Amino acid sequence: MKVNISELKNVVEKLNLAVEKSTLNPKAGWVEMKEQDNSMLSVYVSNFDYFMEASVKCVNAEENSGLHVTVSSDTFIPLVSKLDSGDAEFKCARNSLIIETENGEYTFPIIKECGAVKSVDRIYFNSTDNWYKFSGENISSIASVNAK
């Protein structure tokens, strides 16, 4: 499956605000990615206190590629922020996520638990009629207050 690098960078930049950098927290530091309906790549991060999801539209999804991986945020996010424009192709091979661009190929080990791809914990909310939109700045300010 292929995604536009510029769109991927925008999503990863926002999710980077939510990724906890502490190595003490066993639920932090992971980025889960899953293909949805051969048209979207959903990206998830979570912690004890929050869960965030963002999606990137696929440029060219192969039928039934079924991409589902979890990788370390410490290596994935910095690399994506340094990619040039164009498209990036996501593939799985040899227990690794392989991202191919015009300028190179990047490999990330897939994180597994009990033989299956590790899933980040989701926090579900009861739906209400009130919908609130939070910006990355609001979430960042909440995180800084909670850190104190």
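Procedures and definitions
Residues numbered from 1 in each chain as written. Predicted model: local features only at pLDDT ≥ 70, side-chain atom pairs only at ≥ 80, totals over all residues. Heavy atoms only, no water. 1 Å grid on protein atoms, 1.4 Å probe; cavity = no way out; pocket = protein on both sides within 12 Å on 5 of 7 lines; lining within 4 Å. Points joined across faces, edges and corners; volume = space filled by probe spheres on them. Helix = DSSP H or I, 4+ residues; strand = E, 2+ residues; numbered from the N terminus. Nonpolar A, V, L, I, M, F, W, Y, C, P; charged D, E, K, R; others polar. Phe/Tyr/Trp six-rings, centres within 6.5 Å; stacked < 30°, edge-to-face > 60°. Buried < 20%, exposed > 50% of the residue type's maximum accessible area, 1.4 Å probe, protein only. Pairing = 2+ DSSP bridges. Axes fitted to C-alpha atoms, helices over the stretch in contact; angles between N-to-C directions.

1. Focus on empty space enclosed by the protein
Part 1 of the reasoning: Scanning the model with the defined rule gives one cavity of 30 Å³ or more in all.
Part 2 of the reasoning: Of the pockets and cavities examined, the largest cavity occupies roughly 30 Å³.
Part 3 of the reasoning: Secondary structure elements with two or more residues in the lining of the largest cavity: helix H1 (5–16), strand S3 (40–46) and helix H2 (73–82).
Part 4 of the reasoning: Tallied by class, residues from the lining of the largest cavity come to seven nonpolar, no polar and no charged.

2. Remarks on the packing of aromatic side chains
Part 1 of the reasoning: The tally for this structure, following the rule as stated, stands at two aromatic pairs.
Part 2 of the reasoning: Taken together, a centroid distance of 5.8 Å and an interplanar angle of 20 degrees make the contact between Tyr44 and Phe51 stacked.
Part 3 of the reasoning: Look at Tyr44 and you get buried, because its relative accessible area is 6%.
Part 4 of the reasoning: Measuring from ring centre to ring centre gives 5.6 Å for Phe76 and Phe108, while their planes differ by 70 degrees; the resulting arrangement is edge-to-face. One end of the pair, Phe76, is in helix H2; the other, Phe108, is in strand S8 (residues 105–109), and 32 residues separate them in sequence.

3. Examining the pairing of strand S6 (residues 87–93)
Part 1 of the reasoning: With three bridges connecting them, strand S1 (residues 2–4) and S6 associate as antiparallel partners. Each residue of the ladder has a partner; that of Asn4, found in S6, is Asp87.
Part 2 of the reasoning: In this structure, S6 lies alongside strand S7 (residues 96–100), joined through five bridges in antiparallel fashion. Note that in S7 the partner of Glu89 across the bridge is Glu100.
Part 3 of the reasoning: Once S6 ends, the chain turns through two residues before running back antiparallel as S7, passing Arg94 with a positive phi of about 55 degrees.

4. Focus on the sheet that holds S6
Part 1 of the reasoning: Spatial strand order, S5-S2-S3-S4-S1-S6-S7-S8: eight strands in an open sheet with antiparallel pairing. With one partner strand each, in any of the chains shown, strand S5 (68–72) and S8 form the two edges of the open sheet. Strand-to-strand twist of the sheet, defined as the mean angle between neighbouring strand axes without regard to direction, takes the value 30 degrees.
Part 2 of the reasoning: Bridge count for S3 against strand S4 (residues 51–60) is seven bridges, and the pairing is antiparallel. Across the sheet, the residue bridging to Ser46 is Phe51, located in S4.

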